[in-house]
Number of protein chains: 4
Amino acid sequence: MAKRARVLIDCKDKHGLVYRISKVFYDYGLNIDSNREFVDKDSRKFFMRSVVTGDFDENSLQNDLCKIVPEGTNVRVITPRRKKIVILATKESHALGDILIRHADGELDADIEAVIANRETLKDLVERFDIPFIYIPAEDISREEHEEKLLKALEIYDIDLIVLAKYMRILTANFVSNYQGKILNIHHSFLPAFIGANPYKQAYERGVKIIGATAHFVTNDLDEGPIIAQDVIPVNHRFDWKDMQKAGRDVEKVVLSRALNLVLNDRVFIHGNKTIVF
Amino acid sequence: MAKRARVLIDCKDKHGLVYRISKVFYDYGLNIDSNREFVDKDSRKFFMRSVVTGDFDENSLQNDLCKIVPEGTNVRVITPRRKKIVILATKESHALGDILIRHADGELDADIEAVIANRETLKDLVERFDIPFIYIPAEDISREEHEEKLLKALEIYDIDLIVLAKYMRILTANFVSNYQGKILNIHHSFLPAFIGANPYKQAYERGVKIIGATAHFVTNDLDEGPIIAQDVIPVNHRFDWKDMQKAGRDVEKVVLSRALNLVLNDRVFIHGNKTIVF
Amino acid sequence: MAKRARVLIDCKDKHGLVYRISKVFYDYGLNIDSNREFVDKDSRKFFMRSVVTGDFDENSLQNDLCKIVPEGTNVRVITPRRKKIVILATKESHALGDILIRHADGELDADIEAVIANRETLKDLVERFDIPFIYIPAEDISREEHEEKLLKALEIYDIDLIVLAKYMRILTANFVSNYQGKILNIHHSFLPAFIGANPYKQAYERGVKIIGATAHFVTNDLDEGPIIAQDVIPVNHRFDWKDMQKAGRDVEKVVLSRALNLVLNDRVFIHGNKTIVF
Amino acid sequence: MAKRARVLIDCKDKHGLVYRISKVFYDYGLNIDSNREFVDKDSRKFFMRSVVTGDFDENSLQNDLCKIVPEGTNVRVITPRRKKIVILATKESHALGDILIRHADGELDADIEAVIANRETLKDLVERFDIPFIYIPAEDISREEHEEKLLKALEIYDIDLIVLAKYMRILTANFVSNYQGKILNIHHSFLPAFIGANPYKQAYERGVKIIGATAHFVTNDLDEGPIIAQDVIPVNHRFDWKDMQKAGRDVEKVVLSRALNLVLNDRVFIHGNKTIVF
């Protein structure tokens, strides 16, 4: 019976790679529904994402692909599976709400296991959608104590992705190291402009004519993680920083959800502090 | 010695096509610098654009590729060559001027053989750039007589592409049939909105909040040719149609030049009334 | 005690109008917090929106303004008041959901009285937000019978605005005449391109490189009502019409909510088949 | 006989200002063709730009306006006059060329007195347009010596505006102080991102998905001057920094020319490190 899989390969570029990979697909009798490749000139790294259909065993396909690519290569044969995500939030509802609506609509290829927040503000909204809301306050405890509680709460889920939907706390290197390449954040500025606190206030004070938002993976370097998607909207002198903040919400939520869908569809490769988005 | 070529293939999709093509490249010892493919689901047509480097004979490469693709396939192995273009214009200078500046700067991989116009307005501008200006007035003669003169003027050049840089006359089916897939036009609206005369006036009267421009190949169906590139800018109630026209010029010229560069770089496949742009 | 009002004036332009109006404000000791004017050159119509604060009686202010403007002038002195809206929908949740989230968040200066739909699909979503969901099926009855039921359901509310959040039925002239200038629609194309059924399919078949959405007031001329807001996103040959539809949802919902906020804030004047948006 | 003037007023906000100003216009029998106001909430400063027509003496109008505004107010009554500009450039032709084409076309309400460059690259292009090209090399002399030569060359013109069309040298505080609020620059990034050298390389290394350009007035703080206009274009992982640079040129030139036209039309107020753009 015909199955479908996403095949993701990233490795050192090597002469004949496309030929060797397509030969494996050919030998397996697979149809290539879509195929995108990219070679990064600086690092000479090769990236490929193929969607193949046919009658195959994924382990065997993965093994045979591994044989013909350079050692140390990342080969993933992914058959359809809903990913599991947990959302971290604080008190703003627009980004979280956008994800909840999409989830309820069946648009996201994922299950939301829980929403964890350091405020209680969003409890009501989350529970309207019958999703567990976990309140972990951060007051009167150290950052480390708070993150320990977070980690304990997360532990019980087998998480593919953590989505920071306007989670207004900084995560420590320790926390991030537990979820390497698995934390997606929306930053409320057109990075790398306005790193740090209250980007809209900074934007207002600088007098910019365009504001934006940036979805990126979280790494140890705050606001320096690999960017997945960005977008902008025009502003003018009539906008004070609260107007910018209000207008910015629409960009934030749309950019975050766009990045989330890209990640859920296995379209994003992390390459150092950059991304390849197919 | 290492050469470089663009390999363009479009054909009926067929099992094993990527494997067979990449095998030819592999057997020739070619490096694939970049490679993009697309299969149109409706028509089951396959499109590929590869840039390859190596030591090869282009005729032999082309022949060997032809052997492994379905009959009737379009295979082109294009080694670097400056294309020859002629620009048709009327009286507006922005789109023409933009191309002239890029040409003078060496940005365009093309030689401008001549500018032909049905008005004399642009003579001075064109001659500043030491490019032949050919004035073929259209007054007091029939459309057919005018086009005959045009065709005669064009005949002496071995043209790859005709660029209509705000050429304000409609070309007949007869003229177009002489340059199938070789005429590039900029339409001053976001097609298919505002087909026909004075799109800015139509846009103003409709009260739109965004205007745009469309670069497309010219076919017998006026304003219905395959679209290559489009872009837009916001307008508001303070714009009368002349303000829209003025603001629109920047979009027109940038979109036309973007499409021109895409075509000169062999990045555009025509597929019925659509384009595949790699 | 200081009050705040929006003063909206639209009338035939007349020499000294700004002077006369600002004199009334001055005589009342009002502060002008913001003030925007526009004179349409074609119709010689004058539009003004001022936000004033001070200690005043709104009826008396309105009367005094009426005295100094030309006869037949529309003068509205609007003191803060939450507007009442009803949403009409069919089965898609993105535009409706976006409004519900904003409403729950307190972003909208309006109360949602009810959601009325011709399908039951959205019942669950609407009731999660404790908003009445009224199901009025359209099957097996005439358009007129269906609209009669609609009108009856609407009757009980004192509605300021009806929002069509992807309501997929055409309203008759009779229905529209009951809510002149009070029905807001989101059209899933960059109007006036792709009027009529399934704009995304039309867009796909035309091979456009940009798609968009249009929020407009509904008039008797289908898809011809005054446009309030439009926006677009890029697409390419890899998008089939369902991909366009999916990508288009983000534009639709953001444009609709932007227009809705503009209308709720009394920032939109209808002027023939156009709008003035302050 | 009817004259036209732009009236620009910026001052401390004060109760009754609009009334008093419009009364002066009324007493002079002037028609207000367009009128825009803005009050900055933070600084309580009032800005107004009116276009008036009528039969008036500009000095007398200016005097009468000065009488009714707070002391220290900036009142300018500007009757139509072509401004004089000098362009500074280095070696890139796109921004300069764009201005030259617009100038030749009569689009700019300005005379280009000269182009001054620290390289000879653009000599040929400038002279094609019969505009004086002044070559002032910067090699082997100090920054101060070079600027002295620049200032001497500029001295002979009665300049309204200096346009830096990709002038790749930093101007000293001394130079800038000679032309306060009269130097317009295009920065090849979406400020404040990528301040400093080679923004495209920085953008490439950061892995952004959007690049932009910023037109701003030059002040002593490098890249910190008041922003007039900004725009952006999308990029992706296939762009190396030279591709970004090439793509960025279109944004740079369009944004610079847009800002130039705004300034020439007296639509830009400088307000600290920001601008009010009417």
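Residues numbered from 1 in each chain as written. Chains lettered and ligands numbered in written order. Predicted model: local features only at pLDDT ≥ 70, side-chain atom pairs only at ≥ 80, totals over all residues.

**Details of the overall build of chain A**
Our working rule: Helix and strand labels come from DSSP, where a helix needs a run of H or I of at least four residues and a strand needs a run of E of at least two; each type is numbered from the N terminus. We call two residues in contact when their backbone-placed C-beta atoms lie within 7 Å.
For chain A, the helix and strand inventory stands at eight helices and 13 strands. Over its C-alpha atoms, taken along the principal directions, chain A stretches across nearly 60 × 40 × 35 Å. By sequence separation, contacts in chain A at least 24 residues apart represent 67% of the contacts at least 6 residues apart.

**Details of the interface of chain A and chain D**
Quick note on the threshold: Each residue is assigned to one class: nonpolar for Ala, Val, Leu, Ile, Met, Phe, Trp, Tyr, Cys and Pro, charged for Asp, Glu, Lys and Arg, and polar for all the others, Gly among them.
Tallying the contact residues gives 24 residues for chain A and 24 residues for chain D. Contributing elements (two or more residues each) for the side of chain A that touches chain D: β11 (227-234) and β13 (274-277) of chain A. In the side of chain A that touches chain D, the residues fall into twelve nonpolar, six polar and six charged.

**With respect to the relation of the copies chain B and chain A**
Test applied: Least-squares superposition aligns the copies on the C-alpha atoms of those residues with pLDDT at or above 70 in both.
With an axial shift of 0.0 Å and an RMSD of 0.0 Å, the rotation relating chain B to chain A amounts to 180 degrees. Both copies of the chain, as the preceding transformation shows, are related through a two-fold rotation axis. If distances are taken from each C-alpha of chain B to the rotation axis, the shortest is found for B:Y19, at 3.0 Å. Interface overlap between copies: 100% of the residues of chain B at the interface are likewise at the interface in chain A, consistent with a symmetric, same-surface contact.

**Section: the sheet that holds strand β7 (residues 133-135) of chain A**
Whenever strands of a sheet pair, they do so through backbone hydrogen bonds, lying parallel or antiparallel. Residue and element names in this part refer to chain A. Operational definition: Only when DSSP finds a minimum of two bridges between them are two strands counted as paired. In this analysis, axes come from line fits to C-alpha atoms, helices being fitted only over the stretch in contact, and the angle between any two N-to-C directions falls in the range 0 to 180 degrees.
Taken in spatial order, the seven strands line up as β7-β6-β5-β8-β9-β10-β11 in an open sheet, and their pairing is mixed. Looking at strand neighbours, the two that pair on one side only are β7 and β11, the edges of this open sheet. Neighbour-to-neighbour, the strand axes of this sheet turn through a mean angle of 20 degrees, independent of strand direction. Pairing between strand β5 (residues 83-89) and strand β6 (residues 110-117): seven bridges, direction parallel. Looking at β6, one finds that V86 is bridged to A114. Contacting β5, β6, β8 (161-164) and β9 (183-187), helix α3 (residues 94-104) runs over the sheet at an angle of about 155 degrees to β5.

**Section: the relation of the copies chain A and chain D**
When chain A is brought onto chain D, the operation consists of a screw motion whose angular component is 180 degrees and whose axial shift is 0.0 Å, with 0.0 Å RMSD remaining. An overlap of 100% is found between the interface residues of chain A and their copies at the interface of chain D, pointing to a shared contact surface.

**A look at helix α8 (residues 241-264) of chain A**
All names here are of chain A. Going by this rule: Expected span of a helix: the number of residues minus one, times 1.5 Å. Take the seven residues that end at a residue and the seven that start at it, fit an axis to each, and the angle between those axes is the bend at that residue.
An ideal rise of 1.5 Å per residue puts 34 Å on 24 residues; α8 measures up with 33 Å between its terminal C-alpha atoms. Along α8, the largest kink reaches about 30 degrees and is centred on G248. Looking at the residues trailing α8, positive phi occurs at D266, about 55 degrees.

**Section: the packing of helix α7 (residues 199-206) of chain C against helix α8 (residues 241-264) of chain C**
All names here are of chain C. Definition in use: Small angles under 35 degrees read as roughly parallel and large ones over 145 as roughly antiparallel, with 65 to 115 read as roughly perpendicular and the rest as oblique. In this scheme, a crossing is called left-handed if the near helix is turned counterclockwise away from the far one by less than a right angle; it is called right-handed if the turn is clockwise.
Between α7 and α8, the shortest axis-to-axis distance is 8 Å and the interhelical angle comes to 125 degrees. Looking at the two axes, α7 sits oblique to α8. Note that α7 runs across α8; the crossing there is right-handed. Of the residues in α8, those touching α7 at Y200, K201, A203 and Y204 are W241, M244, Q245 and G248.

**What to know about the pairing of strand β10 (residues 210-217) of chain D**
Residues and elements named next belong to chain D. Rule in force here: Counting other C-beta atoms within 10 Å of a residue's own tells you its class, since 20 or more makes it buried, 12 or fewer makes it exposed, and anything in between is partly exposed; those C-beta atoms are placed from the backbone.
Judged by how many residues are buried, β10 sits mostly within the fold: eight of eight residues are covered. Where strand β9 (residues 183-187) and β10 come together, four bridges link them in antiparallel fashion. Residue pairing in the sheet places N185 in a bridge with H216 of β10. Looking at chain direction, β10 and strand β11 (residues 227-234) are connected through seven bridges and run antiparallel. Pairing of I210 across the sheet is with P234, part of β11.

**As for the interface of chain B and chain A**
At the junction of the two partners, chain B supplies twelve residues and chain A supplies twelve residues. If you list the elements that add at least two residues to the side of chain B that touches chain A, you get α1 (17-27) and β2 (31-40) of chain B.

**Topic: helix α5 (residues 143-155) of chain A**
Residues and elements named next belong to chain A. This is how it is decided: Read the arc as the range of directions from the helix axis to the C-beta atoms.
If you check α5, its first and last C-alpha atoms are 18 Å apart, about what 13 residues at 1.5 Å a residue would give, namely 18 Å. All of the buried residues in α5 are E147, L150 and L154. One side of α5 holds all its buried residues, which, seen down the axis, span an arc of 55 degrees. Residues of α5 that are exposed and angled more than 90 degrees away from the buried face: E145, K152 and E155. Buried-residue contacts for α5 involve β5, β6 and α6 (173-178).

**Focus: the domain arrangement of chain A**
Residues and elements named next belong to chain A. This is how the line gets drawn: The split of the chain into domains comes from an automatic or database domain assignment.
By domain assignment, chain A separates into domain 1 (3-78) and domain 2 (83-277). The straight-line distance from the C-alpha centre of domain 1 to that of domain 2 is 32 Å. Taken together, the contact pairs nine residues of domain 1 with five residues of domain 2. Residue assignment for the side of domain 1 that touches domain 2 shows that the elements contributing at least two residues are β1 (3-12), β2 (31-40) and β3 (45-54). Looking at the side of domain 1 that touches domain 2, its residues break down into four nonpolar, no polar and five charged.

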